[in-house]
2 protein chains.
Amino acid sequence: MRSHPASHREEAKERFQSYLRQQGLRQTPERFQVLDALYAMDGHTDADALYDRLQQQERTISRATVYNTLNLLLACDLVVRHQFGEHGAKYEPSLRYRQHDHLICLDCQEVLEFCDPRIQRIQDLVAEVYHFEITRAALNLYGHCRRDRCTRRPLASPAPGSPA
Amino acid sequence: MRSHPASHREEAKERFQSYLRQQGLRQTPERFQVLDALYAMDGHTDADALYDRLQQQERTISRATVYNTLNLLLACDLVVRHQFGEHGAKYEPSLRYRQHDHLICLDCQEVLEFCDPRIQRIQDLVAEVYHFEITRAALNLYGHCRRDRCTRRPLASPAPGSPA
DNA sequence: TTACTTGCAAATTATTTGCAATAAT
DNA sequence: ATTATTGCAAATAATTTGCAAGTAA
């Protein structure tokens, strides 16, 4: 159980409120419900999982509003969007964000996080050599985890990417 | 002009032929047209650009066939698929493939390549620590290039990710 | 009261798929 | 002659958008 500490949720709410105020946007209950649901999730989620979770509440919310609110949260840096596979984006609350990267199991879709200081140094070097202003770095490692719970296709796996 | 040397194109064609033979698949002109178009492209392309290029030939090809053939080429490792942004995949001929990563300009979409041996070491370490079998690593650096040709939004840029 | 938001449904984008006609073997 | 392949159009999946009705300020 590694959901977010209450302090993160509160800080997120405050940041969202002041962002909305500054931008002259409205503080609707829907927006805070989405923020809460996001920060209540462990690890990474997608828009659909958030939508499902929000459907279980009394006051239901439309997909359009979920996406709309996620875009607001992206704009004020309360969430980070990742594109791990080809299907759909993953969202991660950013308050607990330390520089970290991701290890993705191609079988069970599990996403693990790791840190390595060398990535920052690579980023700095590349920025200098290529004369680039780098705003974001993402090292994604794809492979197969060895957990028992992993839904790995044992042997008779239909070679990934085989013809239609 | 850094398109692929003829040797690469020939080698690719031979590999594709033997792959098709081994799999009992047919050697259609469309398939080789797609392979040729791909290897004639500089750097990274997407399915749509390939389709456009193929439309300019006498014998035209459908999008369905472009995608279908790309999947065959993926299956026999003649192309690598990348997912840089949220929109669509990029395809890169793999014969000239050395371990390399990508630097993506968020303004003009230009993709540069770089190599850094530390990435391999990070990969090995993470594999060991997390008990993972890693099959692919992708370090993507996103930012802003400083080229004059870059279509960067100068000052009055509508902050990326601003509300609808 | 004003005009931003919501929710629905329709639009969009990237890619896949069903199926009849075509062509490789 | 067989049966995989093509091309079209329709199907999907993820996300955005138009617009009328609702609601925060």
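Residues numbered from 1 in each chain as written. Chains lettered and ligands numbered in written order. Predicted model: local features only at pLDDT ≥ 70, side-chain atom pairs only at ≥ 80, totals over all residues. Heavy atoms only, no water.

1. Notes on the protein's contact with DNA strand D
To keep it simple, the criterion reads: Any residue with at least one heavy atom within 4 Å of a molecule or strand is counted as near it. In protein, a polar contact requires one atom able to donate a hydrogen and another able to accept it; more generally it is a pair of N or O atoms within 3.5 Å, and residues adjacent in sequence count only if both atoms are side-chain atoms. Numbering of helices and strands runs from the N terminus, with a helix taken as a DSSP run of H or I at least four residues long and a strand as a DSSP run of E at least two residues long. Amino acid classes used here: Ala, Val, Leu, Ile, Met, Phe, Trp, Tyr, Cys and Pro are nonpolar; Asp, Glu, Lys and Arg are charged; the rest, including Gly, are polar.
By nearness alone, 18 residues border DNA strand D, and A:Tyr67, A:Ala89, B:Arg26, B:Arg31 and B:Thr65 come closest of all. Take the atoms of DNA strand D that sit within 4 Å of the protein: sugar and phosphate atoms are 75% of them. Contact between DNA strand D and A:Gln27: a phosphate oxygen at 3.2 Å from a main-chain N or O atom of the residue. Between DNA strand D and B:Ser62, the relevant distance is 3.1 Å, taken from a phosphate oxygen to a main-chain nitrogen or oxygen of the residue. Elements represented by at least two residues in the surface near DNA strand D include exactly helix H4 (63-75) of chain A together with helix H2 (29-40) and helix H4 (63-75) of chain B. Taken together, the residues of the surface near DNA strand D break down into 6 nonpolar, 8 polar and 4 charged.

2. Considerations on the side chain of B:Thr69
Short version of the rule: Here a residue-residue contact requires only that any non-hydrogen atoms of the pair lie within 4.5 Å.
Residue placement: B:Thr69 occurs in helix H4. Sequence-distant contacts of B:Thr69, defined by excluding residues within four places in its chain, comprise B:Phe16, B:Arg31 and B:Val34.

3. As for the interface of chain A and chain B
Under the convention used in this document: When two components associate, each loses some accessible surface as probed by a 1.4 Å sphere; the sum of these losses over both components is called the buried area. We count a salt bridge whenever a side-chain nitrogen from Lys or Arg sits within 4 Å of a carboxyl oxygen from Asp or Glu.
Taken together, the contact between chain A and chain B spans 44 residues of the former and 44 residues of the latter. Across the interface of chain A and chain B, roughly 4000 Å² is buried in total on both sides, 64% from carbon and sulfur atoms. For the pair chain A and chain B, the interface holds 2 salt bridges. One salt bridge connects B:Glu86 with A:Arg81, and the closest N-O pair in it is separated by 3.2 Å. Mapped by element, the contributors of at least two residues to the side of chain A that touches chain B are H4, strand E3 (101-105), strand E4 (111-114), helix H5 (117-130) and strand E5 (132-145) of chain A. In terms of residue class, the side of chain A that touches chain B is made up of 24 nonpolar, 11 polar and 9 charged.

4. Examining the relation of the copies chain A and chain B
What relates the two chain copies is a rotation about an axis together with a slide along it. The condition that has to hold: Least squares is the method for superposing the copies, and the C-alpha atoms it fits come from residues with pLDDT of at least 70 in both.
In the superposition of chain A on chain B (RMSD 0.1 Å, axial shift 0.0 Å), the rotation amounts to 179°. These values place the two chain copies in the arrangement generated by a two-fold rotation axis. Ranked by how close their C-alpha atoms come to the rotation axis, the residues of chain A are headed by A:Leu139, at 2.0 Å. Residue by residue, 100% of the interface of chain A is reproduced at the interface of chain B, so both copies engage with the same surface.

5. A short note on the environment of B:Ala47
All names here are of chain B. Structurally, the position occupied by Ala-47 is in helix H3 (residues 47-55). Separated by 43 residues in sequence, Ala-47 and Lys-90 place their C-alpha atoms 7.5 Å apart. Leave out the neighbours within four places in its chain, and Ala-47 touches Val-66, Tyr-67, Leu-70 and Tyr-91.

6. Things to note about the pattern of salt bridges
Put simply, the test is: Summary of the burial criterion: residues with accessible area below 20% of their type's maximum are buried, those above 50% are exposed, and those between are partly exposed, where the area comes from a 1.4 Å probe applied to protein chains only.
Counted by the stated rule, this structure contains 12 salt bridges over all chains. Among the salt bridges present, the one from A:Glu110 reaches A:Arg147, with a minimum N-O distance of 3.2 Å. Pair noted here: A:Glu110 is in the loop between E3 and E4 and A:Arg147 is in the segment after E5, with a separation of 37 residues, a long-range link. For A:Glu110, a relative accessible area of 27% gives the class partly exposed. Looking at A:Arg147, the relative accessible area reads 26%, which means it is partly exposed. B:Arg63 is the partner of B:Asp48 in a salt bridge, and the nearest nitrogen-oxygen pair spans 2.9 Å.

7. Points about the confidence of the model for chain A
Our working rule: As a per-residue quantity, pLDDT reports the predictor's confidence and falls between 0 and 100.
Summarising the model, chain A shows a mean pLDDT of 87, and 88% of its residues fall at 70 or more. For chain A, helix H1 (residues 6-23) of chain A is the element with the lowest average pLDDT, namely 91, and H4(A) is the one with the highest, namely 97.

8. Some details on the domain arrangement of chain A
Residue and element names in this part refer to chain A. Keep this limit in mind: Domain start and stop positions are those given by an automatic or database domain assignment.
Taken as a whole, chain A is organised into domain 1 (1-95) and domain 2 (98-148). Each side of the interface is counted separately: domain 1 has 6 residues, and domain 2 has 8 residues. Both faces considered, domain 1 and domain 2 share a buried interface measuring about 590 Å² in area, 52% of it formed by carbon and sulfur atoms. In terms of surface lost to domain 2, no three residues of domain 1 exceed His-44, Phe-84 and Glu-92, which account for 69% of the buried area on that side. Scanning the region where domain 1 abuts domain 2 turns up 0 salt bridges. Broken down by class, the residue content of the side of domain 1 that touches domain 2 amounts to 1 nonpolar, 3 polar and 2 charged.

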